[in-house]
Amino acid sequence: MPRSRDAGKQSRKLSWDKKHTRELFRRYRVEGDDAARDELITMYLNLVKYLASRFRNRGEPIDDLIQVGTIGLIKAIDRFDIERQVEFTTYATPTIVGELKRYFRDKGWAIKVPRRLQELSFRVNQAIDQLTQRLQRSPTIPEIAEYLEVTPEDVLEALETSEAYNFVSLESDRGGDGSDSFSILEYIGKDDQLMAIVDDRATLAGALKQLSPQEQRVLYLRFFEGLTQTEIARQLDISQMQVSRLLRRTLKVLRESIVREA
Amino acid sequence: MTADTVTLTVPSRGEFAKTVRMTASALVSRMGMTFDEVDDVRIAAEEAFVYACDHAPESGEVRLDFAVGDGELEIRVRLSAGSRITDEDAERRAAYATFLLQSVCDTFEMSSDETGPYLRVVKRAVLESEDAEV
């Protein structure tokens with residue numbers, strides 16, 4: 001893990017840092033000393049810089065990444081439990097990385113895409129939602145093109161571009177918000193249609209576990225309830241483009257799992 | 001009904017799924033299909049292509065015939081006779097592809113002619129008939 005390299009580099013300073021960190025946390029927590037909090041932030045900025053640099057090649061300015069990482073650091077400082085026998089860096093690292101990952105997930109650009117296409121893709125996304133409301137149905141490609149005053153080919157290109165974002169790694173934590181307890185597995189007993197494709201229940205269960213609750217729900221609504229993407233978007237209050245992306249990713253994960261397990 | 005036919009032959013590797021997807025979406029984009037339907041076509045084209053890749057010999061090719069009709073697209077994906085995957089595998093994936101393709105297309109079938117077996121996928125634009133009702 002790259003983290004151990006970082007730890008090695010800092011090892012000389014470490015014992016002093018540890019004591020000083022504990023003292024600062026005590027002052028901040030017990031005495032409410034905001035200056036101690038500020039000092040902690042400054043002290044661990046290098047950790048943020050290091051972690052942010054790991055995301056450097058994804059097309060975002062490093063300064064932005066450091067800012068995002070710093071938010072993670074501040075969260076970690078505010079949440080760190082000094083009673084726990086855990087080093088602050090051990091606690092802070094996943095929080096900072098989590099913040100950076102969330103930034104990429106929300107921002108959505110995992111692969112560098114030309115700015116013109118990024119913007120167009122964004123506008124197409126908005127146009128689809130606005131036109132769907134106005135027309136009370138999913139718009140056609142020429143309608144989207146006319147609305148945005150671009151060619152239908154531009155719209156298609158933007159649709160393909162949208163595949164480039166929301167690359168969510170399989171190792172990333174799933175269902176983090178915990179607000180949605182929906183599980184497609186609960187429905188499998190009721191409708192064995194999809195089960196017919198896999199003789200081995202465990203295969204599908206394993207594949208479905210790799211999906212977030214939202215992805216499972218989209219899959220269920222699309223293929224079990226037979227809803228259109230527009231209907232799913234409305235029901236889940238997300239954009240159609242998001243439904244499209246979720247669906248594609250979901251199908252890919254399922255397909256790969258079925259092959260791997262077989 | 002006369003249909004224009006576009007034929008695409010690509011190496012049987014997953015990285016060409018995008019080419020297949022874009023060809024399919026470019027062909028239906030002026031057909032009056034909605035975004036939902038276009039996306040279904042993209043899923044269908046990709047799934048059918050990936051399915052054919054599984055059945056193509058390694059470093060082989062997959063041929064797709066797109067017939068652009070009046071408000072509908074028919075895709076015929078040629079399947080190689082020989083398959084490099086085991087029977088059990090093939091069955092499982094065929095069932096999976098069938099399930100998906102049936103969900104997103106109006107017609108999906110395995111068929112064959114003098115040149116061999118193929119997957120036949122048809123997607124129709126429903127918008128015009130819906131508009132008539134409104």
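Rules of the game
- Residues numbered from 1 in each chain as written.
- Chains lettered and ligands numbered in written order.
- Predicted model: local features only at pLDDT ≥ 70, side-chain atom pairs only at ≥ 80, totals over all residues.
- Heavy atoms only, no water.
- Helix = DSSP H or I, 4+ residues; strand = E, 2+ residues; numbered from the N terminus.
- Contact = heavy atoms within 4.5 Å.
- Areas by Shrake-Rupley, 256 points an atom, 1.4 Å probe, with all protein chains shown as cover.
- pLDDT = per-residue confidence, 0-100.
- Axes fitted to C-alpha atoms, helices over the stretch in contact; angles between N-to-C directions.
- Left-handed = near helix turned anticlockwise from the far one by under 90°.
- Nonpolar A, V, L, I, M, F, W, Y, C, P; charged D, E, K, R; others polar.
- Phe/Tyr/Trp six-rings, centres within 6.5 Å; stacked < 30°, edge-to-face > 60°.
- Buried < 20%, exposed > 50% of the residue type's maximum accessible area, 1.4 Å probe, protein only.
- Pairing = 2+ DSSP bridges.
- Arc of directions from axis to C-beta.
- Core = buried A, V, L, I, M, F, W, Y, C linked by side-chain atoms within 4.5 Å.

> Before we go on, may I ask you to explain the overall build of chain B in this structure?
A count of helical and extended segments in chain B gives four helices and five strands. Going from N to C terminus, chain B has its helices and strands arranged as β-α-α-β-β-α-β-β-α. Nonlocal contacts in chain B, meaning residues at least 24 apart in sequence, comprise 70% of its contacts between residues at least 6 apart.

> When you look at the overall build of chain A in this model, what are you seeing that I'm missing?
Along its length, chain A carries 14 helices and zero strands. Along chain A, from the amino end to the carboxyl end, the secondary structure elements read α-α-α-α-α-α-α-α-α-α-α-α-α-α. Within chain A, contacts between residues separated by at least 24 positions form 65% of all contacts whose residues are at least 6 apart in sequence. Carbon and sulfur atoms make up 48% of the accessible area of chain A, which totals about 14,100 Å².

> When you look at the confidence of the model for chain A in this model, what are you seeing that I'm missing?
Interpreting fine coordinate detail is not advised for predicted regions of low pLDDT. Residues and elements named next belong to chain A. Of all residues in chain A, 70% attain a pLDDT of 70 or more, and the chain-wide mean is 74. Averaged pLDDT values for the elements of chain A fall to 44 in helix 10 (residues 184-188) and rise to 93 in helix 8 (residues 141-148). Overall, residues 164-193 carries pLDDT values under 50, and its contacts beyond four positions in sequence, including any with other chains, amount to 60 contacts. Low confidence marks residues 195-200, where pLDDT is under 50. Its contacts with residues over four positions away, or in another chain, come to 14 contacts.

> Would you explain the packing of helix 1 (residues 17-28) of chain B against helix 2 (residues 35-55) of chain B in this entry?
The description of two packed helices rests on the angle between their axes and on the distance between the axes. Residue and element names in this part refer to chain B. With their axes 8 Å apart at the nearest point, helix 1 and helix 2 run at an angle of 145 degrees to one another. Crossing angle aside, the handedness with which helix 1 passes helix 2 is right-handed. Residues A17, V20, R21, A24, S25 and V28 of helix 1 lie in contact with helix 2, whose contacting residues are V38, V41, R42, A45, E46 and F49. Within the contact of helix 1 with helix 2, the residues separate by chemical class into eight nonpolar, one polar and three charged.

> What's the story with the side chain of B:D39 in this structure? I'm lost.
Along the chain, B:D39 turns up in helix 2. Once residues within four sequence positions are removed from consideration, B:D39 is found in contact with A:Q229, A:S244 and A:R248.

> Teacher, can you tell me more about the packing of aromatic side chains here?
How two aromatic rings sit relative to each other is set out by the distance from centre to centre and by the angle between their planes. All names here are of chain A. Under the criterion given, the structure shown has five aromatic pairs over all chains. The interplanar angle of 55 degrees and the centroid separation of 5.1 Å between the aromatic rings of F25 and F88 together place this pair among those described as tilted. With F25 in helix 2 (residues 11-30) and F88 in helix 6 (residues 88-107), this pair connects stretches of sequence that are 63 residues apart. Here F25 falls in the buried class, since its relative accessible area comes to 0%. One aromatic cluster is present, built from ring pairs that chain together F25, Y44, F80, F88 and Y91.

> Teacher, can you tell me more about the environment of A:E256 here?
For A:E256, the position within the fold is in helix 14 (residues 240-261). A C-alpha to C-alpha distance of 8.5 Å links A:E256 and A:A207, two positions 49 residues apart in sequence.

> For this particular structure, what's the right way to read the pairing of strand 2 (residues 61-68) of chain B?
Regular strands place their side chains on alternate faces of the sheet. Residue and element names in this part refer to chain B. With six of eight residues buried, strand 2 is to be regarded as a mostly interior element. Sheet topology places strand 1 (residues 4-11) next to strand 2; eight bridges connect them, and they run antiparallel. Looking at strand 2, one finds that T9 is bridged to R63. Pairing of strand 2 with strand 3 (residues 72-78) involves five bridges; the strand directions are antiparallel. When the sheet's bridge partners are listed, D65 is paired in strand 3 with R76. Linking strand 2 back to strand 3 in an antiparallel pair, the connection comprises three residues, with G71 at a positive phi of about 75 degrees.

> I tried to follow the sheet that holds strand 1 of chain B on my own but got confused; where do I start?
Two modes of strand pairing occur in sheets, parallel and antiparallel, and in both the strands are linked by backbone hydrogen bonds. Residues and elements named next belong to chain B. The strand order across the open sheet formed by five strands is 1-2-3-5-4, and the pairing between neighbours is antiparallel. Each edge of the sheet is formed by a strand with only one pairing partner; in this case those strands are strand 1 and strand 4 (107-113). Within this sheet the neighbouring strands show an average axis-to-axis angle of 20 degrees, counted without direction. The strands touched by helix 2 within the sheet are strand 1, strand 2, strand 3, strand 4 and strand 5 (116-124), with strand 5 carrying the most contacts at an inclination of about 170 degrees.

> What is the right way to read helix 13 (residues 229-236) of chain A from this model?
Residues three or four positions apart in an α-helix share a direction because the helix packs 3.6 residues into each turn. Residue and element names in this part refer to chain A. Within helix 13 the residues assigned to the buried category are Q229, T230, I232, A233 and L236. Taken around the axis of helix 13, the buried residues stretch over an arc of 165 degrees, which confines them to a single face. Of the residues in helix 13, the exposed ones pointing more than 90 degrees away from the buried face are R234 and Q235. Where helix 13 ends, the next residue or the one after it, D237, has phi of about 60 degrees, a positive value.

> What is the right way to read the nonpolar core from this model?
Note on soluble globular proteins: their nonpolar side chains tend to be buried together. Counting residues in hydrophobic clusters, the biggest one holds 73 residues, and the most contacted among them are A:V124, A:I144, A:F223, B:F49 and B:L64. The element contributing the most residues to this core is helix 2 of chain B, with 12 residues. With residues up to four places along the chain from it excluded, the contact list for A:V124 reads A:I144, A:L148, A:V155, A:A158, A:L159 and A:M241. If you look at the next biggest cluster of nonpolar residues, it comprises 29 residues, including A:L40, A:A52, A:I66 and A:I77.

> I would appreciate a short explanation of unusual backbone geometry in the present structure.
One can expect most non-glycine residues to show negative phi and most peptide bonds to be in trans. Residues and elements named next belong to chain A. At Q136, a residue that is not glycine, the phi angle is positive and equals roughly 60 degrees. Take Q136: it is sitting in the loop between helix 7 (115-135) and helix 8. Here Q136 falls in the exposed class, since its relative accessible area comes to 61%. Phi is positive for D237, close to 60 degrees, though the residue is something other than glycine. Along the chain, D237 falls in the loop between helix 13 and helix 14. The class of D237 is exposed, set by a relative accessible area of 70%.

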